[in-house]
Amino acid sequence: MSSNRAHVAANTERFSGFAELYDIHRPKPSEVILDLLTQIAAKQHPVVVDLGSGTGLSTLLWTPVAAEVVGVEPNADMRVQAQRRATKSGASTVRFVEGLSTATGLPDRYADIVTSSQSLHWMEPNGTFAEVARILRDGGVFAAYDCDWPPTLNVDAEQAFNACRASAEAIERSRRLAPEVHQWNKGDHLDRIRQSGRFRYVKEVVLHHVESGGAERLVGLALSQGEIATLLKHGIGEDEIGIAELREAARRALGDSIVPWFWSYRLRMGVK
């Protein structure tokens, strides 16, 4: 298997087995993204393609305004959960298809807007940008947006969350539990979009979004991280990973309180 194919297979498999947990605890992107991208695309009711659509958190955001929305997701568990979410919400203009960011199976010049929410770092850049340019109409917009981890809510709780993730990453590296998994650095997204030569205008926009949560959601958010899910799949216990310590620290810091979570987002945009 080639290196790229091995990365694709490993990156896809990384998100198997915890789609429902992911769906419950991960944030929904800010609705201001709808206003921003429809204005730039100059299309009031756009056709939207969401790459790496996961459980549909970002895909279903578009249902109030889009003429059609297609979520492209290679992981079967995530697609099943996304379809459940769509059915529950009664979203008739949304569909989810199996596909890759480099091979969506969609027609040329199909979309007004293509998005990638919390997923571009899992995608091979050159093939992805070529596919995005192929399915976007002239003047269409590509937008990749990611939030900073963790949300801003409480210093002690955030430090405990960061310590837990750092411990999990160290264990995963030391035991080589996912050697084929590969991420591209999020901080280089803007440069890669620009250097692809596929877009006539490239820009970064900074946004924020407010949700709420408490100690239980913070622990759930940690359990929805790929490195922690991988350790648990390999039978490594919560105590060794640091989940038990995070749970105790979060409860100590937040008690039973539900507090605002301030999510910071970075949106990298390319106009074809």
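The preceding data block contains the structure.
Fair warning: this is a prediction, and the values are worked out from it, not measured in the lab. (Residues numbered from 1 in each chain as written. Predicted model: local features only at pLDDT ≥ 70, side-chain atom pairs only at ≥ 80, totals over all residues. Heavy atoms only, no water.)

Explain the packing of aromatic side chains here, please?
The description of an aromatic ring pair uses the distance of the two centres, along with the angle that the planes make with each other. Counted by the stated rule, this structure contains eight aromatic pairs. Consider the rings of F15 and W122, whose centres lie 5.4 Å apart with planes at 85 degrees: the pair is edge-to-face. Here the residue F15 occupies a position in the loop between α1 (3–13) and α2 (19–25), and W122 occupies one in the loop between β4 (111–117) and α5 (125–135), the gap between them amounting to 107 residues. The structure contains a cluster of three or more aromatic residues connected by ring pairs, namely F15, F18, Y22 and W122. A cation over an aromatic ring shows up here: R165 above the ring of W149, its NZ or CZ 6.0 Å from the ring centre. (Phe/Tyr/Trp six-rings, centres within 6.5 Å; stacked < 30°, edge-to-face > 60°. Helix = DSSP H or I, 4+ residues; strand = E, 2+ residues; numbered from the N terminus. Lys NZ or Arg CZ within 6 Å of the ring centre and 35° of its normal.)

Looking at this structure, how should I read the sheet that holds strand β3 (residues 94–97)?
Sheets are built from strands paired through backbone hydrogen bonds, the pairs being either parallel or antiparallel. One open sheet accounts for seven strands, arranged β3-β2-β1-β4-β5-β7-β6; its pairing is mixed. Sheet topology places β3 and β6 (201–213) at the edges, where each strand pairs with a single neighbour. Across the sheet, the mean angle from the axis of one strand to that of its neighbour is 20 degrees, orientation sign disregarded. Taken together, the 13 bridges between β6 and strand β7 (residues 259–271) define a ladder with antiparallel strand orientation. The residue bridging E204 from the neighbouring strand is R268, located in β7. (Pairing = 2+ DSSP bridges. Axes fitted to C-alpha atoms, helices over the stretch in contact; angles between N-to-C directions.)

Can you help me understand the side chain of R217 in this one?
Summarising the element assignment, R217 is placed in helix α8 (residues 215–223). Using a relative accessible area of 13% as the deciding quantity, one classes R217 as buried. Within the local environment of R217, its side chain forms a polar contact with the backbone oxygen of R26, the two atoms lying 3.5 Å apart. One polar contact links the side chain of R217 to the main-chain carbonyl oxygen of S212, over a distance of 2.9 Å. Excluding residues that lie within four positions of it along the chain, R217 makes contacts with H25, R26, P27, E211, S212 and W261. (Buried < 20%, exposed > 50% of the residue type's maximum accessible area, 1.4 Å probe, protein only. Polar contact = N/O pair within 3.5 Å; in protein donor to acceptor, adjacent residues only side chain to side chain. Contact = heavy atoms within 4.5 Å.)

I would appreciate a short explanation of unusual backbone geometry in the present structure.
Backbone geometry follows two general trends: most residues other than glycine have a negative phi, and most peptide bonds adopt the trans configuration. Cis rather than trans, the peptide bond between W149 and P150 has omega equal to -15 degrees. Even without being glycine, Q118 reaches a positive phi, approximately 55 degrees. By the element assignment, Q118 lies in the loop between β4 and α5. Assessed through its relative accessible area of 12%, Q118 is described here as buried. One non-glycine residue, R176, lies in the positive phi region at around 50 degrees. Looking at where R176 falls in the secondary structure, it is placed in the loop between α6 (155–175) and α7 (189–195).

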